[in-house]
Amino acid sequence: MLRYLSGRAEKAGSPPGSLVHIGPEAARPTEVTVTCYSPSELTERVVDSADECPVAPEAGGVTWVAVRGLENTALIEDLGGRYDLHSLVLEDVLDTGHLPKVEEYEGYTYMVARVFTAGAGGLVSEQVSLILLPGVVISLEEGRGFDVLTSVRDRLHAGRGRMRRMSADYLFYALLDAIVDSFFIALEALGEHIEELEDDVVERPSPELLRHIHEVKRELFEVRRATWPMRDAVSRLERDAGGLVSEDIEPFLRDVYDHTIQVVETTETFREILLAVQDTYLSSVSNRMNEIMKVLTIIATIFIPLTFIAGVYGMNFKHMPEIAQPWGYPVVLGLMTTVATIMVVYFRRRRWL
Amino acid sequence: MLRYLSGRAEKAGSPPGSLVHIGPEAARPTEVTVTCYSPSELTERVVDSADECPVAPEAGGVTWVAVRGLENTALIEDLGGRYDLHSLVLEDVLDTGHLPKVEEYEGYTYMVARVFTAGAGGLVSEQVSLILLPGVVISLEEGRGFDVLTSVRDRLHAGRGRMRRMSADYLFYALLDAIVDSFFIALEALGEHIEELEDDVVERPSPELLRHIHEVKRELFEVRRATWPMRDAVSRLERDAGGLVSEDIEPFLRDVYDHTIQVVETTETFREILLAVQDTYLSSVSNRMNEIMKVLTIIATIFIPLTFIAGVYGMNFKHMPEIAQPWGYPVVLGLMTTVATIMVVYFRRRRWL
Amino acid sequence: MLRYLSGRAEKAGSPPGSLVHIGPEAARPTEVTVTCYSPSELTERVVDSADECPVAPEAGGVTWVAVRGLENTALIEDLGGRYDLHSLVLEDVLDTGHLPKVEEYEGYTYMVARVFTAGAGGLVSEQVSLILLPGVVISLEEGRGFDVLTSVRDRLHAGRGRMRRMSADYLFYALLDAIVDSFFIALEALGEHIEELEDDVVERPSPELLRHIHEVKRELFEVRRATWPMRDAVSRLERDAGGLVSEDIEPFLRDVYDHTIQVVETTETFREILLAVQDTYLSSVSNRMNEIMKVLTIIATIFIPLTFIAGVYGMNFKHMPEIAQPWGYPVVLGLMTTVATIMVVYFRRRRWL
Amino acid sequence: MLRYLSGRAEKAGSPPGSLVHIGPEAARPTEVTVTCYSPSELTERVVDSADECPVAPEAGGVTWVAVRGLENTALIEDLGGRYDLHSLVLEDVLDTGHLPKVEEYEGYTYMVARVFTAGAGGLVSEQVSLILLPGVVISLEEGRGFDVLTSVRDRLHAGRGRMRRMSADYLFYALLDAIVDSFFIALEALGEHIEELEDDVVERPSPELLRHIHEVKRELFEVRRATWPMRDAVSRLERDAGGLVSEDIEPFLRDVYDHTIQVVETTETFREILLAVQDTYLSSVSNRMNEIMKVLTIIATIFIPLTFIAGVYGMNFKHMPEIAQPWGYPVVLGLMTTVATIMVVYFRRRRWL
Amino acid sequence: MLRYLSGRAEKAGSPPGSLVHIGPEAARPTEVTVTCYSPSELTERVVDSADECPVAPEAGGVTWVAVRGLENTALIEDLGGRYDLHSLVLEDVLDTGHLPKVEEYEGYTYMVARVFTAGAGGLVSEQVSLILLPGVVISLEEGRGFDVLTSVRDRLHAGRGRMRRMSADYLFYALLDAIVDSFFIALEALGEHIEELEDDVVERPSPELLRHIHEVKRELFEVRRATWPMRDAVSRLERDAGGLVSEDIEPFLRDVYDHTIQVVETTETFREILLAVQDTYLSSVSNRMNEIMKVLTIIATIFIPLTFIAGVYGMNFKHMPEIAQPWGYPVVLGLMTTVATIMVVYFRRRRWL
């Protein structure tokens, strides 16, 4: 939960703009893949230094510089130099606790988003940075979870659809779309978890459930936190259409915007359901407890007067006329049965039993 | 509840703009009905291919292309081609988890809305898309519930009122109005359900009630979720009046807007009532439980001292002077009665009984 | 509570703009009173048809067409024709479930408001429509409760103050002011009810109280619902000042606006008080219950060890030395007294008793 | 709590603009003090009629007409006539249930504010009206509580600081500042009350506490209600700077604005603390109750099995071999001790005791 | 908690603009350090009077006047005179209960912020004022906690990075950045506290926990309260870029803005976690209590019928046939065992045990 802070406090005091990777341990070494494509051809290679990245693509071509793993800060700094990026952009790329945002810089647009992948131990969230330059898109991922941008790469290789015919802003959009799609996968995982909780609350309510509910709530909260500012970011991109983002892309951005809102709405629905599950759990626990206590108390209540009657005839008075009669014992036993029966009938009538 | 997501996650990764029907199983095969009318005449036929749909109606006439059932994606794609619709519009038509929205495209206006019909198993919600072109209105329904647009068709056939004399934007409005009217039917069904809950909570409170309350709450939540964005959508249509939507239609749109707000407000009222029902239920359960436990505890409390007295005279001491007296037994019985009476009177006085 | 819906669902499907009275049974037959006045004279008569209503008043004069009872839809339709009102306006007048709103039409301004009167069975709410034309004001009431516009008529007849000297927009304002004043009467009735609840919660808390609280809450909610949109409606009137509403009326509208806000604020205060009353009730119920259970449990707890001691000496062992001693019985009785005393003292010390 | 309504309902129906004093009984007769000052001199006198108030001060001078006590409505009406005030302004001055607001009129600015003074029985709130004309400031107070404007008068008399050198708008500001300062005194009184509650909840929790919490909550609510609209009112004054309010005064108004926000924020903090106190109280009550019930139940639980054992050997069977043995009694006593010890140890282990 | 008020109430009534230090006891005597630097050189000295502070730095140089400790109000007043600051600015500097804000004055920009340092007894919060004049930055701290501006001074001395090459607005930004960084340290301290609470609630839930949760909540609330208005303040600085704040600084301010939002979001996350911890605690307390009561009640419930059976055979009737039989005793013992076994089995089956 302290993920969003990790490293922050240590960095406090260092000069602003200094390049330090802030975030959990880097999961993988930095790998830079450069993909150049035009409607007719596509080349892809893994490069070792920023110098190998083409600054401007050939006419009609698009270059995608995909960076996975943020360990090699030197390489990223070189990349920043090569494409003339502001030092704060580089700092933001490396500080992986950012909320989604879009920033317009002279000559390029910088976007930060969060991506969710559902792993064994719950949702894994990582930061993805997208930079749109004329003819070039740079993507930078932490590379801790599943690679959500793979689908875009696959479509580029396949060469089907409009993908290869369109310019760099369409690639930018396609990456954004893949990112937002990752939210649906995350939500589906959460949705399944919630459905299990819904079943469990009816079939086997246990104190564990409450903990699970809180866990899912927290994950929902994270998804919501990461989606909410996406709305503003995407609508900002949409509004600024006309610059690097061409107007043809506008309907596509509007589509991404709609999906983002769908995600937010779904988290809202899930939250409502979780609240209902929690309500149901608490109420079923208290019902069950009440039921138990009621039955136990009724048992005790029936026997206490009987025990009293037995106690009366256990007294050692010399002169207790009933004691000596042969009918004494059966009559008292009968009395006891009657009292018990009356009580049971009474409790039944009042629907206590 | 996961309806809004179904299929989404599977589609994640496929190229944007690809036509896949996302939603629950199509309930019916696709059926396209083309209705052409003018003040003087009306023709209606079911067509099998998009080519049979007139692109532009005759002067003064209006064409309504009504599609029910979204199974036949090929046919819908053809239709999109014939009327030159953006691929994202077609994608949205088929992805039936959208929230209401209005989008202006070059030459046409696209609107998505949700329709509610009250079935046996609760509310059924489906997506309706409306597309307004010059002289043409295309409506696309999932066709899972009751056909809410029937009333518009009936009025067209009847030829009464202003229906046949007005242009395509009035048809567009009339369809929208029928959609919003469907909400009132849904709300009335919910309202009846809520009234039953209000009676039940007084007459036969049971743990079931809580589950019912949560169900109705969730349905209300769905209605609200589908109505809330309608407000913005309709007010956007209203603001843009002057283009495809003529200014004569403005007061009618304002009317639809008012109805939408009435729906939202009614869901709000229903929610308040449900909260009160829930409050009443929880408080009545706890009152009942308290009442039971109190009576049971009082019974036990009265007999425990009596049993103690009996216990004292059940002791086997050789030298217990009372034991041997003839008045011993009746005096102790009298003592017990007195103690019991005092306790009952005391509990009555303190209003515990 | 379903008042806002009644009839709506039945109407769904009928052509928009059709004149049907939607609302509870009309309480009274339609009565139309036409009042024409100028600073110097005033005439008033009840008319039977719309034709008797003057379309334009004489120079310097004002005409007030007051309709009470909405049963006679034909008459109201005629009236609409005579003053050239949009069919949707007439529809809104008859559909008595509207929230307050103001609509500007070509040549007239239409306002819907709700009025509250406190009857024996709680608040009665009805819809009042006001239409401002040049020199003419039309008011249309359901006529189910107390006539809140009487005071305006009385002032007109009295001829005192600025009432008769001012133009139609002042009459419009005066009616609006009378409507908002009706809210204060309703709130005062609610306020008295709330004060009773405040007393009851201290003096005779009963489960009934909770039901009463919910009832008052719901009435408050209705008042708030009807007042909240009044703010926007009045401020819209204020902003549009300069047309039919002259600028002289602006400060008066601002005054109405202030009163509306006062009503909203008062409902807010009342809600806070009700929440406190509810809190106090629930906490007092639980305190009382706890107190009872504690005392009962303490009684049982004191006697159980004593009964155990008695039980020990009720055992039939042959060799129990104490049994045969003459001091056995008094010593055991003493022991019991001691144990009981110690327990009572201990419970007192720990403030349990 | 119904203070804000008192008199309102009675007035409903009277013509708007009629001068009636609405509010609790006037606490003091009306007193009008006229203070005229310039940098060099200051004169002050109590006047009996509005005619004695200078309409326009001498060049460079400022006139402050201070009215305390609103009983003499005739005098206030005269004053209104003399300074040409709108009848609605006079009505608002006398209707002491207003929320803070600022209204610009032709030639003067009217402001209503609420003032709080902490009396023995809690906070006393009264309405203060300020009217700024060229060179003249009129202040009208109810005069029920402590005179919060005294400090301004004292500073004027002392003649120190910039007070006497500045124009009428500075006096207006100084009065406003004194009003806002009164809130801090009220908050300090509330703060002390809250600190007492914080101590009490730990040292002597009692059901009274809950009532006190609700009382303080309600007072906080009143302060907040009276401060919240002050923000808008002051920021409106600030924005309109340039007219009667000169631009030099702008930073001072901004300062008042800041203080207002501080008050709102402090009420917010106090509310949080009260919620925590309430939480702590409820939780401590339930803890205490649980503790008591647990101990009592444990005592009963330990003795019930022992009593059973005693019961067994109290049975009168002829053939119970243990009964006749000399070791029978001590062995059973030992058994009882063992059972009791085991139970106590077990309860200790599970930390139930 | 009353920190934000301390001294306020006492000051109420004094003329606005009077210089009084409002806040807790000054922790240290006032110390003024003047640092003059340019890319090539840096001089630093502690001065005793305002006259020693250079009003305008040499061309290309920047002067930083750092004041720690606000005790010496005379010195601060002199400083205000030397740099021609408005009296309200000086008043705000000394009144240490302000919320963050930015104010533009003729010739300088004034900013108030709050700084948090984590001490032994929780968070220490103090006010820092920053004033940006052409070429000069004045910082004024209370000096109660840790010096958060040290890091900036260290970087200046080191002369590395862009620090020394940039103009006064960059210094202003660097100080602001250091202030916001201090929040992360505070949040990290709170985060650790929260993690401890999360562990404690599972391992050793105690009533203390609730108090700790409320304490942390209150601290979070304070941080949030101090950060929230920072957003507006920083975005105001950003918008006004072009005056004293040059456009080059804009991206840096945007960066500070982002960090501020991160802080607010983190407080939000922490609050959610605290709510979950509180929920878990309350639910675990009630679970534990329920568990105890259930076990105890079950023990009692098992023994009460057995005691009754023993009671029956303890009755002294002459004619009880079983009594005399040799198999009587063992049969009854067997009966008792059977009853107990049946009950245990039944309770197990229903999962009550």
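Residues numbered from 1 in each chain as written. Chains lettered and ligands numbered in written order. Predicted model: local features only at pLDDT ≥ 70, side-chain atom pairs only at ≥ 80, totals over all residues. Heavy atoms only, no water.

Focus: the pairing of strand β5 (residues 108-119) of chain A
All names here are of chain A. In terms of burial, β5 is a largely internal element, 10 of the 12 residues being buried. Pairing analysis gives 11 bridges linking β5 to strand β6 (residues 122-133), with the strands arranged antiparallel. Within the sheet, the bridge partner assigned to glycine 119 lies in β6 and is glycine 122. Taking the residues that link successive antiparallel strands as the turn, the β5-β6 hairpin has 2 residues. (Buried < 20%, exposed > 50% of the residue type's maximum accessible area, 1.4 Å probe, protein only. Helix = DSSP H or I, 4+ residues; strand = E, 2+ residues; numbered from the N terminus. Pairing = 2+ DSSP bridges.)

Some thoughts on the interface of chain B and chain C
Opposite the 61 residues of chain B that make contact, chain C presents 60 residues. Summed over both sides, the interface of chain B with chain C buries roughly 5,300 Å², with 65% coming from carbon and sulfur. Of all residues in chain B, Arg254(B), Phe308(B) and Phe317(B) give up the largest surface area on contact with chain C, accounting jointly for 12% of the area buried on that side. If you look at where chain B meets chain C, you find 4 salt bridges. For Arg218(C), the salt bridge identified is with Glu198(B), shortest N-O distance 2.9 Å. Counting across the interface, chain B meets chain C through 15 residue pairs in polar contact (both at pLDDT 80 or more). Elements that contribute at least two residues to the side of chain B that touches chain C include exactly α4 (150-158), α5 (168-203), α7 (250-312), α8 (321-324) and α9 (328-349) of chain B. Here the side of chain B that touches chain C gets 32 residues from one element, more than from any other, and that element is α7(B). The residue inventory of the side of chain B that touches chain C, partitioned by class, reads 25 nonpolar, 17 polar and 19 charged. (Contact = heavy atoms within 4.5 Å. Buried area = accessible area lost by both parts, 1.4 Å probe. Salt bridge = Lys/Arg side-chain N within 4 Å of Asp/Glu carboxyl O. Polar contact = N/O pair within 3.5 Å; in protein donor to acceptor, adjacent residues only side chain to side chain. Nonpolar A, V, L, I, M, F, W, Y, C, P; charged D, E, K, R; others polar.)

Quick notes on the relation of the copies chain E and chain A
Taken as rigid bodies, chain E and chain A are interconverted by a rotation of 72 degrees and an axial shift of 0.2 Å, the fit giving an RMSD of 0.2 Å. Accordingly, the operation relating the two chain copies is best matched by a five-fold axis. Residue Gly314(E) of chain E places its C-alpha closer to the rotation axis than any other residue of that unit, at 4.8 Å. Here only 11% of the interface residues in chain E have copies in chain A that are interface residues too; the copies meet through unlike faces. (Least-squares fit on C-alpha atoms with pLDDT ≥ 70 in both.)

Observations regarding the domain arrangement of chain A
Split into domains, chain A comes out as domain 1 (2-284) and domain 2 (292-349). On a C-alpha basis, the centres of domain 1 of chain A and domain 2 of chain A stand 75 Å from each other. (Domains from an automatic or database assignment.)

Considering the confidence of the model for chain A
Residue and element names in this part refer to chain A. Summary statistics for chain A give a mean pLDDT of 85 and a share of 93% for residues scoring 70 or more. Throughout residues 1-6 the model reports pLDDT below 50, and contacts reaching past four residues in sequence, or to other chains, amount to 24 contacts. In the predicted complex, the global pTM is 0.79; the interface-specific ipTM is 0.73. (pLDDT = per-residue confidence, 0-100.)

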